[in-house]
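Topology and contacts: notes
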Amino acid sequence: MEMNTFSFIAELAGSELRGPDGVFSGRFLADSRLVRKGDAFVAFRGENTDGHAFIPDAIAHGASLIICEDDGNIPFSTASLKVSDTYKALPAMAKKRLALHGKKLHIIAITGSVGKTTTRDYLVRCLKTSFRVHSAEHSYNTLIGCSMTILSLPEDAEVLVLEMGTNHPGEIAEMARFFPPTTSVITEVAPAHLEGFGSVEGVLEAKMEIAGSPALKSFFYNGDNPLLAGAASRLPAEIARLSAGMEECDYRILAPIFTIEGGVPELSFSLAIPGDVLHVKARAFGKHAAYPLAFAAGISTRLGVPGEKAVAALREAHSLEGRGRIRILGSGACLIDDSYNANPASMASVLRATAGIEKHRKFAVVGEMLELGERSDDFHRDLLPLLRSFDTVWLVGKTWERIASFTGPDETHLVLWSDSLQKLGDCLGNELGEGDAIVIKGSHGNRLDRLVEILCREASS
């Protein structure tokens, strides 16, 4: 059966193909700006935006197939499928596609309060040394995101790596029902999205939904987290429960060393795995990055990748955009871009890592951490001791306005910033110099990635 033709995709949808048949060779996307020649574009009707309005833009970018609810304005020269509801159609199509996959397929699903995307990236690097691997892109960690990943699954794929995120109970359980993983991973459980979960215990319960897969054979988890260790111990005995961490774990991180030389980060450590010790080295930021590296090496060797192949692949790994990526600015200052998102665990790890760098002066721009519920102010106050390691910290967000105190002798280095990011960029440009380091981190809603863009744009102009 030809699984990469438009007519096959139409069969999955139970719909009639309109326009020319062809061979699909790209990705499924919902953002017309990301479309390249050969991709499929799916038009979703959102609360504020209707994807149908961007169909012409997707076609102009080279979309070869359109899936939508209204195909009236699509030229016949472009292949299209009409469905009654794209939100319902995509998961059903992807479930059928998985069931029809001819090869034996390892399905690995990753979740966690921190490190999902980084773990996925490192793991794919290791697995590709021995398997044909297909993986999610662009943090596609919802039911729809997983569906679009699966619909672009190549016929010869041997391993599928999915990322599963959540901000309310039942979300991961639904993904695990549609796309049952054979290996599940929880990188960490920490305070995040507490408005939807209520407590860390609620986060744990939601993340553990990933272990409810009827196909599950192996469960990897952060063995340094007592909550996770307890939950893992209650899984059925036939599921292999495998821990990674710095304590007494199945995959144990030993003596991590982190340095930065010439703007290039290097993290190295030994990893004790069953029957061997691997020596891991990567261009990753901070000792906390040892966890995703350990998961990547551990899972891949468990699936049969030789240990030396796995660690060789990790030598080429580096921190992802917005997740510890280091830039050298025109002033010579070292910028640590961790602007993608933040919760108390990730914020503390990054601040500690930056504070430990041997630099002339250390600065930070710290946005607020969103969706933390009624204890939000407490979580922000808990960070104040970590901020004392910096020469100056610019605080961005309403939460900081409520709790920041500037009257005490220990807090004179804190600057509450309420003006534009452009003006903050100008201020930092005047302040930063050769040998300085600055870290930028906050929840995505702060859009501190724009501040990173401003600083890097000015550095290159």
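The structure this text deals with has already been given above.
Summarised in this report is the structure supplied together with it. Predicted model, so just to flag it, every value in this text is computed and none were measured.

1. A look at the nonpolar core
The biggest cluster of nonpolar side chains holds 72 residues, and the ones touching the most others in it are Ile108, Leu127 and Leu271. Ranked by the residues each element gives to this core, the list is headed by helix 10 (residues 290–302), at eight residues. The contacts of isoleucine 108, once residues within four sequence positions are left out, are Leu123, Leu127, Val159, Leu160, Val161, Leu162, Thr183, Val185, Ile299 and Leu303. Counting 68 residues, the second-largest nonpolar core is a separate cluster that includes Ala79, Leu143, Met164 and Ile239.

2. Structural notes on helix 10
Here helix 10 spans 18 Å end to end across 13 residues, near enough to the 18 Å set by a 1.5 Å rise per residue. Helix 10 sits mainly inside the fold: twelve of its 13 residues count as buried. Buried residues of helix 10: Ala290, Tyr291, Pro292, Leu293, Ala294, Phe295, Ala296, Ala297, Gly298, Ile299, Ser300 and Thr301, and no others.

3. Let's talk about the sheet that holds strand 1 (residues 28–29)
An order of 1-2-3-4 is seen for the four strands of this open sheet, with the pairing classed as parallel. Of all the strands in the sheet, just strand 1 and strand 4 (79–82) have a single pairing partner and so form its edges. Sheet topology places strand 2 (residues 40–42) next to strand 3 (residues 65–68); three bridges connect them, and they run parallel. Following the sheet pairing, valine 42 is matched in strand 3 by isoleucine 67.

4. Observations concerning the pattern of salt bridges
Applying the stated criterion across every chain, the model contains 19 salt bridges. In this structure, the salt-bridge partner of aspartate 378 is arginine 375, at a minimum N-O distance of 3.9 Å. A relative accessible area of 35% means that aspartate 378 is categorised as partly exposed. Connected through salt bridges with shared partners, the residues Arg45, Asp50 and Glu69 form a single ionic network.

5. Some words on the pairing of strand 16 (residues 362–367)
Counting buried residues along strand 16, six of its six residues qualify, which places the element largely inside the surrounding structure. Residues Lys362, Ala364 and Val366 point to one face of strand 16 and Phe363, Val365 and Gly367 to the other, with burial holding for every one of them. Strand direction decides the pairing type here: strand 16 and strand 19 (residues 437–441), joined by five bridges, are parallel. Bridging from a neighbouring strand, valine 366 pairs with lysine 441 of strand 19. Across five bridges, strand 16 lies against strand 17 (residues 392–396) in parallel orientation. Residue pairing for strand 17: glycine 367 is matched across the bridge by valine 396.

Each value, and the rule that gives it
- Counting of residues starts from 1 at the beginning of each chain's written sequence and follows it residue by residue.
- Under the rules for a predicted model, residues below a pLDDT of 70 receive no local features and side-chain atom pairs below 80 are neither given nor counted, while totals for whole chains, interfaces and linings still include all residues.
- Heavy atoms throughout the structure, all of them, feed into the side-chain values; hydrogens and water do not.
- For this analysis, a nonpolar core means a set of buried residues of the types Ala, Val, Leu, Ile, Met, Phe, Trp, Tyr and Cys, connected via side-chain atoms within 4.5 Å.
- Between buried and exposed lies partly exposed: a residue is buried under 20% and exposed over 50% of the maximum accessible area for its type, with that area taken using a 1.4 Å probe on protein chains only.
- Put simply, DSSP H or I for four residues or longer makes a helix, DSSP E for two residues or longer makes a strand, and each gets a number counted from the N terminus.
- Contacts are residue-level and defined by heavy atoms, with any inter-residue pair within 4.5 Å sufficient.
- The length a helix should cover is 1.5 Å for every residue beyond the first.
- A strand pair is defined by DSSP finding two or more bridges across the two strands.
- Salt-bridge detection follows one rule: a side-chain nitrogen of Lys or Arg within 4 Å of a carboxyl oxygen of Asp or Glu.

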